[in-house]
Every structure is written in C-alpha cells, then in structure tokens.
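A structural walkthrough
Residue strings, one per chain:
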Amino acid sequence: AQTVTQSQPEMSVQEAETVTLSCTYDTSESDYYLFWYKQPPSRQMILVIRQEAYKQQNATENRFSVNFQKAAKSFSLKISDSQLGDAAMYFCAYRTTGNQFYFGTGTSLTVIP
Amino acid sequence: NAGVTQTPKFQVLKTGQSMTLQCAQDMNHNSMYWYRQDPGMGLRLIYYSASEGTTDKGEVPNGYNVSRLNKREFSLRLESAAPSQTSVYFCASSAFPGHSNQPQHFGDGTRLSIL
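Residues numbered from 1 in each chain as written. Chains lettered and ligands numbered in written order. Predicted model: local features only at pLDDT ≥ 70, side-chain atom pairs only at ≥ 80, totals over all residues. Heavy atoms only, no water.

Let us now look at the overall build of chain B. Counting its secondary structure elements, chain B contains zero helices and eleven strands. Sequence-ordered secondary structure for chain B, helices as α and strands as β, is β-β-β-β-β-β-β-β-β-β-β. Its C-alpha atoms give chain B a radius of gyration of 14 Å, within 12% of the compact-globule value 13 Å for 115 residues. Expressed as lengths along the three principal axes of its C-alpha atoms, the size of chain B is roughly 40 × 30 × 25 Å. In chain B, which comprises 115 residues, the proportion classed as buried is 48%. Taking as baseline every contact in chain B between residues at least 6 positions apart, the subset at least 24 positions apart corresponds to 55%. Summing over all exposed atoms, chain B offers an accessible surface of approximately 5300 Å²; the carbon and sulfur share of this is 49%. Once the 10 positive and 8 negative side-chain charges of chain B are each reduced to a mean point, those two points are 5 Å apart. (Helix = DSSP H or I, 4+ residues; strand = E, 2+ residues; numbered from the N terminus. Rg over C-alpha atoms; globule rule 2.2 N^0.38 Å. Buried < 20%, exposed > 50% of the residue type's maximum accessible area, 1.4 Å probe, protein only. Contact = heavy atoms within 4.5 Å. Areas by Shrake-Rupley, 256 points an atom, 1.4 Å probe, with all protein chains shown as cover. Lys, Arg positive; Asp, Glu negative; His and termini not counted. Charge placed at Lys NZ, Arg CZ, Asp CG, Glu CD.)

Dropping the structure here:
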C-alpha cells in the first residue's frame with residue numbers, strides 16, 4: 001500500500017515570508033497524482049494544488065508552488081508571501097490510478113503577524 | 001453548486017446507539033469515500049465505493065457499514081456506537097477514470113461524539 005509522510009507536525013512563518021512544507025511518499029507505481037489540501041479551522045478541505053507524476057514541470061498556483069522530485073518521491077509545497085489566511089492544516093495526498101487516495105497526517109501552519 | 005452534502009453536521013450519541021450518516025453529491029462522480037479524521041492521524045479511509053454497486057473496505061472499516069444507494073448517495077452506518085468512534089467524519093467524491101488529475105471533493109464533515 002502507498003504511504004504518505006509529512007514529517008513536520010507544526011510549522012510557523014512570518015507574514016510575507018516564504019515557507020516550505022515537506023511530503024514524501026512511497027509507491028511502486030509510475031503513474032499517479034499528488035495533491036495538497038488546506039483545512040482551515042472551518043474544517044473544509046480545500047484543494048490547493050495538484051501535480052501529475054508524468055509531468056516534469058512543477059505546478060504553480062499563484063503564491064503556491066510545488067517542488068516535485070519523482071526519483072526521491074518528494075512533493076513539497078512552497079507558500080510565498082504568506083498571508084494570515086494561509087494559517088491552516090495542510091495535507092499531502094497521493095492518488096492511485098485505481099482512484100484511491102492516501103493522505104499524510106498533516107502539517108499545522110501558523111502565520112505570525 | 002452544492003457539491004458534496006453531508007448530514008448531520010453534529011451528533012451526540014450514547015454508547016450502543018446506532019445512526020446513519022448521509023452523503024450526497026451532485027457532480028455525477030463515480031467514486032465516493034468515507035473518512036474519519038482524528039487529531040494527529042490525518043484522514044483515514046473507512047470505506048469507499050469505486051462506482052455504483054460496489055463498495056470496499058478501507059483502512060479502518062471495523063464497526064461501520066456502508067450503502068451506495070445510487071450514484072449520488074453513499075451512507076455510513078454505525079450499528080452500535082462506541083466511544084472510540086468519536087471523530088470527525090468526511091464524505092468525499094471523485095471522478096473516474098484513473099488517468100486523470102481530478103482531486104477529491106469533500107463535504108463539510110460531521111462531528112460525532114459518543115458518550
């Protein structure tokens with residue numbers, strides 16, 4: 001079975017600074033998909049960014065970007081120009097071609113004004 | 001757009017009581033899922049339904065049953081609730097086929113407390 005590891009239970013960042021959240025995964029598949037979700041205190045699960053394993057180019061969505069290292073099985077999320085609204089729990093997720101999803105245990109991000 | 005709708009949002013049960021959590025999606029998705037979220041443990045899959053008419057166990061199925069009533073609806077039943085089932089429950093759905101970058105869409109969650 002696939003496993004997803006987020007080794008940073010908590011992180012903090014100064015407002016307007018940059019922070020990187022790490023995620024590693026274990027898989028024997030060559031084709032898969034990776035996602036970062038944000039969960040604010042409201043409990044909603046909000047998609048932040050996605051990456052296809054077959055694409056070498058790192059995905060970018062406004063202030064959010066990923067560093068996808070397929071050989072290292074690493075998928076980190078970089079948040080630039082951090083804002084107070086970025087404070088949340090962040091989950092890394094792996095999707096198999098069989099449409100199953102595996103989640104990490106999450107990283108709680110605090111943004112310091 | 002409603003997306004994924006879960007009911008109820010909150011529920012308190014006594015040990016041994018039964019209840020059903022309801023979930024419906026209006027995105028014509030084939031696959032639906034039930035997760036529980038506990039502090040420090042992320043989301044753990046209870047059951048999923050790859051398509052209408054099929055259900056499969058996930059990581060933590062004990063104490064739960066599911067029904068894929070139709071393409072839209074996927075319910076989760078606790079037959080005899082136990083305090084260990086106190087958690088936040090999420091329903092999610094996603095499109096199929098597999099060679100797609102489609103994410104899961106989540107409901108707002110149900111906070112369930114069992115006394």
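And the narrative resumes.
As a further point, take the environment of A:Glu29. Residue and element names in this part refer to chain A. With respect to the helices and strands, glutamate 29 occurs in the loop between β4 (24-26) and β5 (33-39). The class for glutamate 29 is partly exposed, based on a relative accessible area of 25%. For the pair glutamate 29 and threonine 97, spaced 68 residues apart in sequence, the C-alpha separation works out to 8.6 Å. In this structure the side chain of glutamate 29 is engaged in a polar contact, spanning 2.7 Å, whose partner is the side chain of tyrosine 94. (Polar contact = N/O pair within 3.5 Å; in protein donor to acceptor, adjacent residues only side chain to side chain.)

Turning to the sheet that holds strand β8 (residues 74-78) of chain B, a few remarks are in order. Residue and element names in this part refer to chain B. Spatially, the four strands line up as an open sheet ordered β1-β3-β8-β7, and their pairing is antiparallel. Each having just a single partner strand, β1 (4-7) and β7 (64-68) make up the two edges of the open sheet. Each strand of the sheet is rotated relative to its neighbour by a mean of 15°, with strand direction disregarded. (Pairing = 2+ DSSP bridges. Axes fitted to C-alpha atoms, helices over the stretch in contact; angles between N-to-C directions.)

A cis geometry characterises the amide bond from B:Thr7 onward to B:Pro8, with omega recorded as -5°. One non-glycine residue, A:Ala16, lies in the positive phi region at around 80°. Here A:Ala16 is to be found in the loop between β2 (10-14) and β3 (19-21). At B:Asn28, a position not held by glycine, the phi torsion is positive, near 60°.

What follows is about the state of the cysteines. All names here are of chain A. Summed over all chains, the structure comprises two disulfides over all chains. The partner cysteine of cysteine 23 in its disulfide is cysteine 92, sulfur to sulfur 2.0 Å. Handedness of the cysteine 23-cysteine 92 disulfide follows from its S-S torsion of about -70°: it is left-handed. Of this pair, cysteine 23 sits in the loop between β3 and β4 while cysteine 92 sits in strand β10 (residues 88-95); the two residues are 69 residues apart in sequence, bridging distant segments of the chain. Both residues of the pair, cysteine 23 and cysteine 92, count as buried. (Disulfide = S-S within 2.5 Å.)

The partner chain B presents 30 residues to the 21 residues of chain A that form the contact. Roughly 2000 Å² is buried in total at the junction of chain A and chain B, and carbon and sulfur atoms are behind 49% of that figure. Of all residues in chain A, A:Arg43, A:Arg95 and A:Asn99 bury the most surface against chain B, accounting for 29% of the area lost on that side. Viewed at the interface, chain B and chain A are joined by six residue pairs in polar contact (both at pLDDT 80 or more). For the side of chain A that touches chain B, the element with the most residues is β5(A), which contributes four residues. (Buried area = accessible area lost by both parts, 1.4 Å probe.)

With that out of the way, let us pick up the nonpolar core. In terms of nonpolar packing, the biggest core is built from 25 residues, with A:Tyr25, A:Trp36, A:Phe75, A:Leu77 and A:Tyr90 touching the most fellow members. Sorting the residues of this core by element identifies β3, β5, β6 (46-52), β8 (64-69), β9 (74-79), β10 and β12 (107-112) of chain A as the ones contributing at least two each. Considering every element that reaches this core, the biggest residue donor is β10(A), with four residues. Other than its neighbours up to four places away in sequence, A:Leu77 contacts A:Val19, A:Thr20, A:Leu21, A:Trp36, A:Val48, A:Ile49, A:Phe64, A:Ser65, A:Val66 and A:Tyr90. If you look at the next biggest cluster of nonpolar residues, it comprises 20 residues, including B:Leu13, B:Tyr47, B:Leu78 and B:Cys91. (Core = buried A, V, L, I, M, F, W, Y, C linked by side-chain atoms within 4.5 Å.)

This next bit is on the confidence of the model for chain A. Considering every residue of chain A, the mean pLDDT works out to 93; 99% of them sit at 70 or more. Per-element confidence in chain A ranges from a low mean pLDDT of 90 for strand β11 (residues 101-103) of chain A to a high of 98 for β3(A). (pLDDT = per-residue confidence, 0-100.)

Along any regular strand, the residues point their side chains to alternate faces of the sheet. Residues and elements named next belong to chain A. Two elements, strand β7 (residues 60-61) and β8, share two bridges in a ladder whose sense is antiparallel. Across the sheet, the residue bridging to threonine 60 is serine 65, located in β8. Between β7 and β8, which pair antiparallel and follow one another directly, the connecting turn spans two residues, one of which, asparagine 62, has a positive phi of 55°. Here β8 pairs with β9 via six bridges, running antiparallel. Note that in β9 the partner of valine 66 across the bridge is leucine 77. As consecutive antiparallel partners, β8 and β9 are separated by four residues, and within that stretch lysine 73 has a phi angle of approximately 55°, a positive value.

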